[in-house]
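Structure assessment
Each chain, letter by letter, is given below.
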Amino acid sequence: MAGGEWSHNGVGEDGAVEEEERGSGLRLPLARVKRIMKCDPDLNLASQDAVYLVARATELFVESLVQESYQYTVHSRKKTVSRRDVDNSIEAIEALAFLEGALE
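Throughout, a residue's number is its position along its own chain's written sequence, starting from 1. Local features in a predicted model are, by the rule used here, given only for residues with pLDDT of at least 70; side-chain atom pairs are given and counted only at 80 or more, and totals for whole chains, interfaces and linings are based on all residues. Side-chain metrics rest on all non-hydrogen atoms present in the structure, leaving aside hydrogens and water.

For the protein chain, an unreviewed UniProt entry supplies the name DNA polymerase epsilon subunit 4-like and the organism Homarus americanus. UniProt positions are given in the numbering used here, feature names are shortened, and annotations may be inferred rather than shown by experiment. In its Subcellular location (unreviewed entry) section, the UniProt entry covering the protein chain states "Nucleus".

So, on to the packing of helix 1 (residues 30-37) against helix 2 (residues 48-75). Think of each axis as a best-fit line through the C-alpha atoms, taken over the contacting stretch in the case of a helix, with angles from 0 to 180 degrees between the N-to-C directions. Think of it this way: any DSSP run of H or I at least four residues long counts as a helix, any run of E at least two long counts as a strand, and we number them from the N terminus. Their axes nearest at 9 Å, the elements helix 1 and helix 2 cross at an angle of 100 degrees. Regarding the angle of helix 1 to helix 2, the classification is roughly perpendicular. Together, Leu-30, Val-33, Lys-34 and Met-37 of helix 1 and Ala-50, Val-51, Tyr-52, Val-54 and Ala-55 of helix 2 make up the contact between the two elements. For the contact of helix 1 with helix 2, the per-class residue count stands at eight nonpolar, no polar and one charged. Here is the rule for angles: anything less than 35 degrees is roughly parallel, anything more than 145 is roughly antiparallel, 65 through 115 is roughly perpendicular, and the remaining ranges are oblique. We call two residues in contact whenever any of their non-hydrogen atoms come within 4.5 Å of each other. We call Asp, Glu, Lys and Arg charged. Ala, Val, Leu, Ile, Met, Phe, Trp, Tyr, Cys and Pro are nonpolar, and the rest, Gly among them, are polar.

Should their charged atoms come close, side chains of opposite charge can pair. For salt bridges, the criterion is a side-chain nitrogen of Lys or Arg within 4 Å of an Asp or Glu carboxyl oxygen. For the coordinates displayed, the defined rule picks out four salt bridges. A salt bridge links Arg-83 to Asp-87; the nearest nitrogen and oxygen atoms lie 3.6 Å apart. Taken as a pair, Arg-83 and Asp-87 lie in helix 3 (residues 83-92) at a separation of four residues, close to a single helical turn. A salt bridge links Arg-84 to Glu-91, with the nearest nitrogen and oxygen atoms 3.9 Å apart. Categorising residues by exposure relies on relative accessible area from a 1.4 Å probe, with only protein chains included: less than 20% of the type maximum marks a residue as buried, more than 50% marks it as exposed, and the intermediate range marks it as partly exposed. The partly exposed category is assigned to Arg-84, whose relative accessible area is 45%.

Each residue carries a pLDDT value, the predictor's own confidence for that position, ranging from 0 to 100. Residues at a pLDDT of 70 or more form 78% of the protein chain, whose mean pLDDT is 83. For residues 1-22, every residue scores under 50 in pLDDT, and the model assigns this stretch 23 contacts once sequence neighbours within four places are set aside.

This part takes up the nonpolar core. Core analysis: the largest hydrophobic core is formed by six residues, namely Leu-26, Val-33, Met-37, Ala-46, Val-51 and Ala-55. Secondary-structure elements contributing two or more residues to this core are helix 1 and helix 2. Excluding its chain neighbours within four sequence positions, the residues that come into contact with Val-51 are Leu-30, Val-33, Lys-34, Met-37 and Ala-46. What is meant by a nonpolar core is a set of buried Ala, Val, Leu, Ile, Met, Phe, Trp, Tyr and Cys residues, joined one to another through side-chain atoms within 4.5 Å. By size, the runner-up hydrophobic cluster in this structure holds five residues, among which are Val-86, Ile-90, Leu-96 and Leu-99.

Okay, here's the thing in structure tokens:
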């Protein structure tokens, strides 16, 4: 995301969860998520609720991966998250094993 769009953890200074101005509370465009979902030949229709939930789950997944990767960045005393940091996160967390080799 471009400068300043992402907060460190999605929580404002007053402790309230930050919402995107568009009203959906999401950063991913729902139309694009729906288009990607429709690429699955087993999916005929996708309700707005289903698209919203997939988008929200995707955002939470990416946020979690970024936070884990950032821990490796901090540990190696760097300021920029690198591909190696993401790879280290994937290798260290068993639940992310399905991503091994996905970045190649």
